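The primary structure of each chain is shown beneath.
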Amino acid sequence: MKCIAVDDEPLALSIIEGFCNKIGYLELTGKCPNAIEAAELIKEQEVDLIFLDINMPHLTGIDLVKMSPSLPMVIFTTAYADYALTGYDLDIVDYLLKPFSFDRFFKAVSKAKELYDLKNLPKSYKFLLPQPTADGGADYLMIRVEYSTVRLNIADILYVEGLKDYVKIATLSKNYVTKSSMKNVEEKLPSGRFIRIHKSFIVNLDKVEAFENNHILIGGGKLPLGSNYRDIFMEFIEKNRL
């Protein structure tokens, strides 16, 4: 994958360059000190992935994403955790909070590689819609993952995350990335057990571990609770509160 790094801090660019050099399928083809130069570079060359800082002079990383809806995949790299919810709303691949380790960097890049591979499958393999059984009462979904069709038990699903034209279905044992829309997945899941908590997230209510502030704890991690979905989720909380 061809990638570029955009950051106004030279040290940050050097760290990303060093991490990229350790991953064989990444090719860092450019480093930009600001978002304006990055916008020009993207017009001039093929770019699959952008490591994008947020707080930069003149034009922020968020500004660049908002003004360029056809941008390549984006991984935000920032020292400020406050922008995490904004990042999810912009359908970025991941959000790296500085200083990040190579392990965390690799995890983010691996997610981008999964999306890249799916987008570049032969056209005959791209079509995928989760399918219930004919009677409409299925307890599983049949999903296309790369070259295989996989049976996935609905009870095993922790949450579903929207990734532009794809969705990630997270379970305790494994994550599955497949081409579909959040609307399509939401229609296939039983509404009494699954609820939309954010533009980019649907959760299995049976798997929710805790709720704090604007986050939901599930599967050992945190997911954002969007303001537009808070009232519906709080109804569930109140119904089940002792």
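These numbers were taken from a predicted model, which means no experiment stands behind them.

The helix and strand inventory of the chain stands at seven helices and 15 strands. Across the 242 residues that make up the chain, the buried fraction comes to 46%. Sequence-distant contacts in the chain: of pairs separated by 6 or more residues, those separated by 24 or more amount to 50%. Taken as a whole, the chain presents about 12600 Å² of accessible surface, with 50% of it coming from carbon and sulfur.

In this section: the sheet that holds strand 10 (residues 175–179). The strands making up a sheet are joined through hydrogen bonds of the backbone, oriented either antiparallel or parallel. Reading across from one edge, 10-9-8-12-11 is the order of the five strands in this open sheet, with antiparallel pairing throughout. Since the sheet does not close on itself, it has two edges, and those belong to strand 10 and strand 11 (194–198), each with one partner. Strand-to-strand twist in this sheet, taken as the mean axis angle between neighbours without regard to direction, amounts to 20°. With three bridges joining them, strand 8 (residues 157–163) and strand 12 (residues 201–204) adopt antiparallel strand pairing. Residue pairing across strands places Glu161 opposite Phe201, the latter belonging to strand 12.

Turning our attention to the nonpolar core. Counting 25 residues, the largest nonpolar core has Leu26, Leu49, Phe51 and Phe105 as the members making the most contacts within it. Contributing elements (two or more residues each) for this core: strand 1 (2–6), helix 1 (10–21), strand 3 (49–53), strand 4 (73–78) and helix 5 (102–119). In terms of nonpolar packing, the next biggest core, distinct from the first, is built from 23 residues, Val6, Ala38, Leu41 and Leu59 among them.

On the basis of which strands lie adjacent, the open sheet formed by three strands has the order 13-14-15 and antiparallel pairing. Strand pairing shows two members of the sheet lacking a second neighbour, strand 13 (208–212) and strand 15 (221–224), which therefore form its edges. Across the sheet, the mean angle separating the axes of adjacent strands is 30° when strand polarity is ignored. Packed on one face of the sheet, helix 7 (residues 230–239) meets strand 13 and strand 14 (215–218) and runs near 120° to strand 13.

On to the pairing of strand 10, then. With five bridges joining them, strand 9 (residues 166–171) and strand 10 adopt antiparallel strand pairing. Bridge pairing in strand 10 links Lys168 to Val177. The turn joining strand 9 and strand 10, which pair antiparallel and follow one another in sequence, is formed by three residues.

Bringing the packing of aromatic side chains into the picture now. On inspection of all chains with the given rule, the structure shows 10 aromatic pairs. With centroids separated by 5.2 Å and ring planes inclined at 55°, the aromatic side chains of Phe19 and Phe105 adopt a geometry described as tilted. Remark: Phe105 occurs in helix 5 and Phe19 occurs in helix 1; sequence separation between them is 86 residues. Residue classification places Phe19 among the buried residues on the basis of a relative accessible area of 13%. Look at Phe105 and you get buried, because its relative accessible area is 0%. Every member of this aromatic cluster is reached through a ring pair, and the members are Phe19, Phe51, Phe100, Phe102, Phe105 and Phe106. Positioned over the ring face of Phe102 is Lys22, at 5.1 Å from the centre of the ring. A cation over an aromatic ring shows up here: Lys113 above the ring of Tyr25, its NZ or CZ 5.1 Å from the ring centre.

Below, the discussion takes up helix 1. Between its terminal C-alpha atoms helix 1 stretches 17 Å, which fits the 16 Å expected from 12 residues at 1.5 Å a residue. Taken together, the buried positions of helix 1 are occupied by Ala12, Leu13, Ile16, Phe19 and Cys20. Viewed along the axis of helix 1, the buried residues span an arc of 125°, placing them on a single side of the element. Facing away from the buried side of helix 1, by more than 90 degrees, are the exposed residues Pro10, Leu11 and Asn21. Buried positions along helix 1 lie against strand 1, strand 2 (27–32), strand 3, strand 4 and helix 5.

Quick notes on the rules
Residues numbered from 1 in each chain as written. Predicted model: local features only at pLDDT ≥ 70, side-chain atom pairs only at ≥ 80, totals over all residues. Heavy atoms only, no water. Helix = DSSP H or I, 4+ residues; strand = E, 2+ residues; numbered from the N terminus. Buried < 20%, exposed > 50% of the residue type's maximum accessible area, 1.4 Å probe, protein only. Contact = heavy atoms within 4.5 Å. Areas by Shrake-Rupley, 256 points an atom, 1.4 Å probe, with all protein chains shown as cover. Pairing = 2+ DSSP bridges. Axes fitted to C-alpha atoms, helices over the stretch in contact; angles between N-to-C directions. Core = buried A, V, L, I, M, F, W, Y, C linked by side-chain atoms within 4.5 Å. Phe/Tyr/Trp six-rings, centres within 6.5 Å; stacked < 30°, edge-to-face > 60°. Lys NZ or Arg CZ within 6 Å of the ring centre and 35° of its normal. Expected span 1.5 Å × (residues − 1). Arc of directions from axis to C-beta.

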